[in-house]
Amino acid sequence: MSIQNPKSKIQNRIESIFSALRASNHRALMPFITAGFPSLEVTERVLPELERAGASVVELGIPFSDPIADGPVIAQSMHAALQAGVTPGHVFEMVKRVRPKTNLGVVAMVSDSIITRMGPERFVTDAAAAGFDGLIVPDIDLDAAEPLAGLARMHNLS
């Protein structure tokens, strides 16, 4: 299944990263970090450092209040980020600031509850404008998945 935007022949960053890795017979390192833990400033500094350390793509968790499927460590980091006042808007602003400093693929790991609360069109538009390259929405209802995937493709997001 192609993740390319049908309206565009331009590969997005995720496709380009994986194409280059395949061509050079290398594997991807894809760490997960929680945005805003221990602070947004640290997250902003860590993203380019992860690229320098060999990461190809980073799953950047957008904090939400009920990460029960993510285990206690991630749940604790998300709770701490929320307690510090981190919002999706803050995460978008931080990604926008860091995007010129790195070619790292940045994928939002986000709960469907955040997308629903913001509205899918606004969420996808804001994520793309901030410099995210893709979305992982592990708890999305199957009926909502295809419309969201269509919006993502329209904004060249994986």
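Note: the structure precedes this text.
Residues numbered from 1 in each chain as written. Predicted model: local features only at pLDDT ≥ 70, side-chain atom pairs only at ≥ 80, totals over all residues. Heavy atoms only, no water.

**Student:** Help me understand the overall build of the protein chain, please; the structure alone is not making it clear to me.
**Tutor:** When helices and strands are counted, the protein chain shows seven helices and four strands. Going residue by residue from the N terminus, the α and β elements of the protein chain occur as α-β-α-β-α-α-β-α-α-β-α. Overall size of the protein chain, expressed as C-alpha extent along the three principal axes, is 40 × 40 × 25 Å. Relative to its 158 residues, the protein chain shows a buried fraction of 45%. Put simply, 79% of the contacts in the protein chain that link residues at least 6 apart link residues at least 24 apart. Working note: accessible area of the protein chain is about 8700 Å², and carbon and sulfur atoms make up 57% of it. (Helix = DSSP H or I, 4+ residues; strand = E, 2+ residues; numbered from the N terminus. Buried < 20%, exposed > 50% of the residue type's maximum accessible area, 1.4 Å probe, protein only. Contact = heavy atoms within 4.5 Å. Areas by Shrake-Rupley, 256 points an atom, 1.4 Å probe, with all protein chains shown as cover.)

**Student:** I keep staring at the packing of aromatic side chains and nothing clicks. Help me out?
**Tutor:** To describe a pair of aromatic rings, you give the distance between the ring centres and the angle between the ring planes. Throughout the structure, instances matching the rule amount to two aromatic pairs. Taking the centre distance of 5.9 Å and the plane angle of 80° together, the rings of Phe92 and Phe132 count as edge-to-face. One end of the pair, Phe92, is in helix H4 (residues 88-98); the other, Phe132, is in the loop between helix H6 (120-130) and strand S4 (134-136), with 40 residues separating them in the sequence. Neither residue differs from the other here; Phe92 and Phe132 are each classed as buried. (Phe/Tyr/Trp six-rings, centres within 6.5 Å; stacked < 30°, edge-to-face > 60°.)

**Student:** Sorry if this is basic, but what is going on with H6 here?
**Tutor:** One turn of an α-helix holds 3.6 residues; hence residues three or four places apart share an orientation. Of the positions making up H6, those classed as buried are Phe123, Val124, Ala127 and Ala130. Down the axis of H6, the buried set is contained in an arc of 135°. They therefore lie on one face. Counted as exposed and oriented over 90 degrees from the buried face of H6: Glu121 and Arg122. For H6, the secondary structure elements touched by its buried residues are H4, helix H5 (112-118), S4 and helix H7 (142-154). One or two residues past the end of H6 sits Gly131, with phi positive at roughly 115°. (Arc of directions from axis to C-beta.)

**Student:** What's the story with the pattern of salt bridges in this structure? I'm lost.
**Tutor:** Any two side chains of opposite charge can pair if their charged atoms end up close together. Within this structure, the stated rule accounts for seven salt bridges. Among the ionic pairs, Arg13 bridges to Asp133, the shortest N-O distance being 2.9 Å. Of the two residues, Arg13 is situated in helix H1 (residues 13-23) and Asp133 in the loop between H6 and S4; the sequence distance between them amounts to 120 residues. Looking at Asp133, the relative accessible area reads 5%, which means it is buried. For the salt bridge of Asp126 with Arg122, the shortest nitrogen-to-oxygen distance reads 3.4 Å. You can see Asp126 and its partner Arg122 sitting in helix H6, four residues apart, about one turn around the helix. The network of salt bridges with shared partners includes Arg13, Arg99 and Asp133. (Salt bridge = Lys/Arg side-chain N within 4 Å of Asp/Glu carboxyl O.)

**Student:** What's the story with the nonpolar core in this structure? I'm lost.
**Tutor:** Soluble globular proteins: nonpolar side chains tend toward being buried together. In terms of nonpolar packing, the biggest core is built from 37 residues, with Leu60, Ile62, Val91, Phe92, Phe123, Phe132 and Leu135 touching the most fellow members. Those elements giving two or more residues to this core turn out to be helix H2 (40-52), strand S2 (57-61), helix H3 (71-83), H4, strand S3 (105-109), H5, H6 and H7. Excluding residues that lie within four positions of it along the chain, Val91 makes contacts with Ala35, Leu40, Leu60, Ile62, Pro63, Val86 and Phe132. Ile14, Ile17, Leu21 and Val57 belong to the second-largest nonpolar core, a separate cluster that totals five residues. (Core = buried A, V, L, I, M, F, W, Y, C linked by side-chain atoms within 4.5 Å.)

Function-wise, these values are silent; they only describe arrangement.
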